[in-house]
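Here's the letter readout for the chains.
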Amino acid sequence: MRWLWRIYRLLWRGDRVAMRRGLALSVAVLVAGVALLGLSGWFITAAAAAGLAGAGAIFDVFRPSAGVRFLALGRTAARYGERILTHDATLRALANLRVRLLSGVAARPWRQLARMRGSQALNRIVADVDALDGVMLRLAIPLIAGATTLALTFVVLAWLAAPIIALWSIGLLGLGGAAALGVAAMRSRQAARRAEAAMQALRTRSMDLMRAKTDLVMHGVLERAQADFHDAASRMETARAEVDRAEHRAALALALSALLAAIATLGLGASLAQSGILTPAQAALGFFATLALAEIFAPLRRGMADLGRMMDAARRVGRQLDKTGESQGPASARERPAHLRLSLQDVGWREDTASAPVLSGITLDVGPGDTVALTGPSGCGKSTILHIAAGLLQPAEGRALLGGRDMADWSEPDLRAEVGLLAQRSVLTRGTVANILQLAMPTADEAEMRRVLDAVALSPVLASRGGLQAELTEAGTGLSGGETRRLALARVLMRQPAILLLDEPTTGLDGTTARAVLDGIRAICPNSALVLAAHSPIETEWVKMSGGSILRIRT
C-alpha cells in the first residue's frame, strides 16, 4: 500500500488547489444527496401528519419545497464542477508522470536501452499510468469524501433525530460497506493482476503478428502465433469477467447492507415515535438519509475491484521514479574547441557476466581531419570501441578521453554536440525526410538538408518521391535497405560533429555508390576526426587512399 500512498501524494501535489476544490465539491455532492432525500422524506411525512391532524392549511410547504429544489440543482452543479476539477487535475498530473517516466527510461545506461524492447516498454508505461487514474478518482477522493459525509451525517442525525438513530444508521452502513468492499478487493486482486498481464501479452502478440506476419507465414507458424494471440485474449476476458463478478457481488452486498441499515433505522425510528421520543417526520428523516448514504460506496466498487492492478502499477511506477535521475538542461552556448581530440588509452571492456574481456589494451588517438578504419573479424569488438568512443559505454579498464577530459566528466548535451555515431542498427522516426533530418538539427534550413542528402547520394532517389517532404514510417517504408542506411547517415552528418564514428556506413551499397558516399562524408565534415568500423574492402581502400590509418582489432 505504500506505493499507492506515494502515487496519491504525487498526484495530489500535481495541482493541490484543484484537488482540494474537487474534494470539497465531492463532499458537497454526497451531503446534498443525503440532505435531499432526507428532507424530502421529512417533508412528505410531516405534511401527511399535519393533514391528518387538521393542520394542513397552516403547514409551511414553501420553505421545504424551496430547499428540495435548491439541493437538487446544487447537487447537479457540484457534481459537474467536481468532475471538471478532479478529472482535469488528475489527467494533467498523469501526463506529467508519463513524461517523467519516459525521461527516466531515456536516461538509462546505453546497454540497458539496447536490450530493451521499445514497444513493450512503452506499452508498459502507458498501461501503468492509465491504471493509476483510479488512485485518485476511484479510491482517494471517494474514500475521503465518503468518510467525511458519514461523519457529518452522524452529527446531523444525532442533532435532528436521536443519537441512537445516528449510531445505528452509520454503524450498520459503515461496517457493512467496509466489509463488502474489503471482500471485493481480496477476491478481485489476483484476477485484476491476471487481466493486466494478459492485456500486455495481447498487445505484444498483436504487434508481433502485424510486424512479422511475412516471416511467420514463411516459417509456417502463423496459425500458432494466432492461437497464442487468441489465448491471451481469452485469458484477459476470463480474468476481467472474474473482476466484474467481484464488483457485482460487492454491489449486491452493499445494497443488502444499505437495505438492512435502512430497515433497522426505520424500525428503531418507529419504536421511538410510538414512545413519543421522536415525531414520525424525524423517524422518516433517519430512514431516508440512510437510504441516500448508500451512494457513497458506488464509486469505490470499481476502485476496489481494480485494486490489484493499481497496486502493481503503483509499485512499478514508483520503482521507475526511484531510478529517474534529474534531467539535464540544455547545453550552454559555447564555441567548439578548435583542436578536439579523441584518445583511448589501453581501453578494455567486458560484459558483466563474461569470464573473458571483449576488448583489452586498445589505444587510439585521432584529431581534426584524421581518418582511422577499425578492421577485424566479426565479433572482435569494433562496434564496442565505437560505443566507448561515443561515451555510451564506460571502459572497464583504461581511459577514454575527449579534449583531454574523461568522457564521464562531459555533460550529455555537450558530449552529443561534439560526437556523432552511426550505429550498426539505426532507426528512423516517422515523418517527412525533413522531420528526420531536423531531429539532429532542428534549426536546419532546406539548403543545409539538401547539401547533406547530396553528400550521401540520396537527392536523386528522393526527388521523385517528394524530396524533403516525402513521408516515411519508422522502418523507412518505400526506401531500400541501403537508402534507409544513407538517410540515417545523413541525419548524423547534419550536426557536423568534431568526432564522427561510423559503423559500417556503406552497408548495402554497390562499389560506385559506396565510394561516392565516403567522399561525401569527408566533404561535409572536412575537419572531423573520422573513425570507421570497416567491414568491406571498399571502406578500407578508401581510408588508405585518403591518407588514413588502419587499426586491426584482434580477438
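As shown above, the structure is provided for reference.
Every residue gets a number counted from 1 within its own chain, in the order that chain's sequence is written. With the structure being a predicted model, the display of local features is reserved for residues of pLDDT at least 70 and the display and counting of side-chain atom pairs for 80 or more, all residues being used for whole-chain, interface and lining totals. With hydrogens and water set aside, each side-chain value is computed from the structure's full complement of heavy atoms.

Student: Where do I start with a nonpolar patch on the surface in this structure?
Tutor: Excluding any residue in a salt bridge, patches collect residues exceeding 30% relative accessible area, merging like charges within 9 Å and nonpolar Val, Leu, Ile, Met, Phe, Trp and Tyr side chains within 5 Å. Accessible areas in this description were obtained via Shrake-Rupley with a 1.4 Å probe; residue shielding takes into account the shown protein chains only. Just to be clear on terms, a salt bridge is a Lys or Arg side-chain nitrogen sitting within 4 Å of an Asp or Glu carboxyl oxygen. A contiguous nonpolar surface patch, about 680 Å² in accessible area, is contributed by F154, V155, V156, W159, L160, I164 and L167. Helix and strand assignments come from DSSP, with helices taken as H or I runs of at least 4 residues and strands as E runs of at least 2, each series counted from the N terminus. Listed by contribution, the elements that provide at least two residues to the nonpolar patch are α6 (133-160) and α7 (163-211). Element by element, the count of residues in the nonpolar patch is highest for α6, at five residues. Positionally, F154 belongs in helix α6. Relative accessible area serves as the criterion here: at 31%, F154 is assigned to the partly exposed category. Accessible area is worked out with a 1.4 Å probe on protein chains only. A residue is then buried under 20% of its type maximum, exposed over 50%, and partly exposed in between.

Student: How should I be thinking about the nonpolar core in this particular structure?
Tutor: Note on soluble globular proteins: their nonpolar side chains tend to be buried together. Here, nonpolar core means buried Ala, Val, Leu, Ile, Met, Phe, Trp, Tyr and Cys residues that are tied together by side-chain atoms lying within 4.5 Å of each other. With 55 residues, the main nonpolar core has L97, L132, V135 and M136 as its most contacted residues. For this core, the leading source of residues is α6, giving eight residues. Should any heavy atoms of two residues lie within 4.5 Å, those residues are counted as being in contact. Residues contacting L132, with those up to four places away along its chain left out, are I7, L11, L94, L97, M310, A313, A314 and V317. L458, L487, L530 and L532 belong to the second-largest nonpolar core, a separate cluster that totals 42 residues.

Student: Explain the packing of α6 against helix α11 (residues 298-305) here, please?
Tutor: A pair of packed helices is characterised by two quantities: the angle between their axes and the separation of those axes. Angles run from 0 to 180 degrees between N-to-C directions of axes, and those axes are lines fitted to C-alpha atoms, restricted for helices to the stretch in contact. Two numbers describe how α6 lies on α11: the axes approach to 8 Å, and their chain directions differ by 140°. With respect to α11, the axis of α6 lies oblique. Between α6 and α11 lies a crossing of left-handed hand. Taking contact as the criterion, the partners of R138, L139, P142 and L143 in α6 are, on α11, P299, L300, R302, G303 and M304. Note that Gly is not counted as nonpolar here; it falls among the polar residues with everything else outside the nonpolar set of Ala, Val, Leu, Ile, Met, Phe, Trp, Tyr, Cys and Pro and the charged set of Asp, Glu, Lys and Arg. Here the residues of the contact of α6 with α11 sort into six nonpolar, one polar and two charged. Oblique is the label for any angle not covered by the other classes, which are roughly parallel (under 35 degrees), roughly antiparallel (over 145) and roughly perpendicular (65 to 115). Should the near helix be turned counterclockwise from the far one by less than a right angle, the crossing is left-handed, whereas a clockwise turn marks it as right-handed.

Student: How should I be thinking about the pairing of strand β4 (residues 397-402) in this particular structure?
Tutor: What makes two strands pair is DSSP finding at least two bridges between them. Where strand β1 (residues 342-349) meets β4, five bridges bridge the pair, whose relative direction is antiparallel. By the bridge assignment, L344 is partnered in β4 with A400. Pairing geometry for β4 and strand β5 (residues 405-406), over two bridges, is antiparallel. When the bridges of β5 are listed, L402 appears paired with R405. Where β4 hands over to β5, the hairpin turn is made up of two residues, of which G403 adopts a positive phi near 60°.

Student: Is there a simple way to explain the pairing of strand β10 (residues 529-533) in this structure?
Tutor: The two faces of the sheet receive side chains in turn, since in a regular strand these alternate between them. Among the five residues that make up β10, five are buried, leaving the element largely enclosed by the rest of the structure. Because side chains alternate across β10, one face comprises the buried residues A529, V531 and A533, and the other comprises L530 and L532, equally buried. Judged from the four bridges that link them, strand β3 (residues 371-375) and β10 form a sheet pairing that is parallel. Pairing of A373 across the sheet is with L532, part of β10. With five bridges joining them, strand β9 (residues 499-503) and β10 adopt parallel strand pairing. Within β10, the position partnered with I499 by the bridge is A529. Here, the term right-handed applies to a crossover whose path from the first strand over the helix to the second runs clockwise when the strands point away from the viewer. Regarding the hand of the β-α-β motif, the stretch spanning β9, helix α19 (residues 511-524) and β10 is right-handed.

Student: Even after reading the chapter, I still don't get the sheet that holds strand β11 (residues 549-552), so can you show me in this structure?
Tutor: For sheets, the rule is that strands pair by backbone hydrogen bonds, running either parallel or antiparallel. Ordered by their spatial adjacency, five strands build an open sheet running β6-β9-β10-β3-β11, and the pairing between neighbours is parallel. Only two strands of the sheet have a single partner each, and these edge strands are β6 (419-422) and β11. In this sheet, adjacent strand axes meet at a mean angle of 15° when their direction is disregarded. Sitting on the sheet, helix α13 (residues 382-389) touches β3, β6, β9 and β10, and the angle it makes with β9 is about 155°. Of the strands in this sheet, β6 and β9 touch helix α18 (residues 481-493), which is tilted by about 175° from β6.

Student: Before we go on, may I ask you to explain helix α9 (residues 222-274) in this structure?
Tutor: Given 3.6 residues to a turn, an α-helix orients residues that are three or four positions apart in the same direction. Between the first and last residue of a helix there are one fewer steps than residues, each counted as 1.5 Å, and that sum is the expected span. For α9, built from 53 residues, the straight-helix expectation of 78 Å at 1.5 Å per residue is met to within 8% by its first-to-last C-alpha distance of 77 Å. At the exit of α9 stands G276, carrying a positive phi of roughly 85°.

Student: I keep staring at the packing of aromatic side chains and nothing clicks. Help me out?
Tutor: Geometrically, a pair of aromatic rings is defined through the distance of the ring centres and the angle of the planes. Any Phe, Tyr or Trp ring, taking Trp's six-membered ring, that has another such ring centre within 6.5 Å forms a pair; planes under 30 degrees apart are called stacked, those over 60 apart edge-to-face, and the others tilted. In total, this model carries three aromatic pairs according to the counting rule given. Summarising the aromatic geometry, the rings of F287 and F288 are spaced 5.1 Å apart at their centres and angled 75° between planes, so their arrangement reads as edge-to-face. Given the relative accessible area of 25%, F288 is considered partly exposed. Members of the aromatic cluster, connected to one another through ring pairs, are W5, Y8 and W12. We call a charge positioned over a ring when the NZ of a Lys or the CZ of an Arg lies within 6 Å of the ring centre and within 35 degrees of the ring normal. Across from the ring centre of W410, 4.4 Å away, lies the NZ or CZ of R405, which sits over that ring.

Student: For this particular structure, what's the right way to read the sheet that holds β5?
Tutor: Sheet architecture is open: four strands sit in the order β2-β1-β4-β5, paired in antiparallel fashion. Pairing within the sheet leaves two strands with one partner each, and these edge strands are β2 (359-366) and β5. Bridge analysis of β1 against β2 gives five bridges, and the strand direction is antiparallel. The residue bridging S343 from the neighbouring strand is D365, located in β2. Across the sheet, α13 lies against β1, β2 and β4, angled at about 125° from β1, the strand it touches most.

Student: Can you help me understand the environment of V452 in this one?
Tutor: Among the secondary structure elements, V452 is positioned in helix α16 (residues 446-455). The sequence separation of V452 and M494 amounts to 42 residues, and the corresponding C-alpha distance is 6.7 Å. Setting aside anything within four residues of it in sequence, one finds V452 in contact with A490, L493, M494 and I524.

Student: Just checking my understanding: could you explain the packing of α7 against α11 for this structure?
Tutor: Remark: α7 packs on α11, axes separated minimally by 7 Å, with the N-to-C direction vectors making an angle of 35°. On the side of α7, the interface is formed by L181, A184, A185, S188 and A192, while α11 contributes L300, R301, M304 and A305. For the contact of α7 with α11, the per-class residue count stands at seven nonpolar, one polar and one charged.

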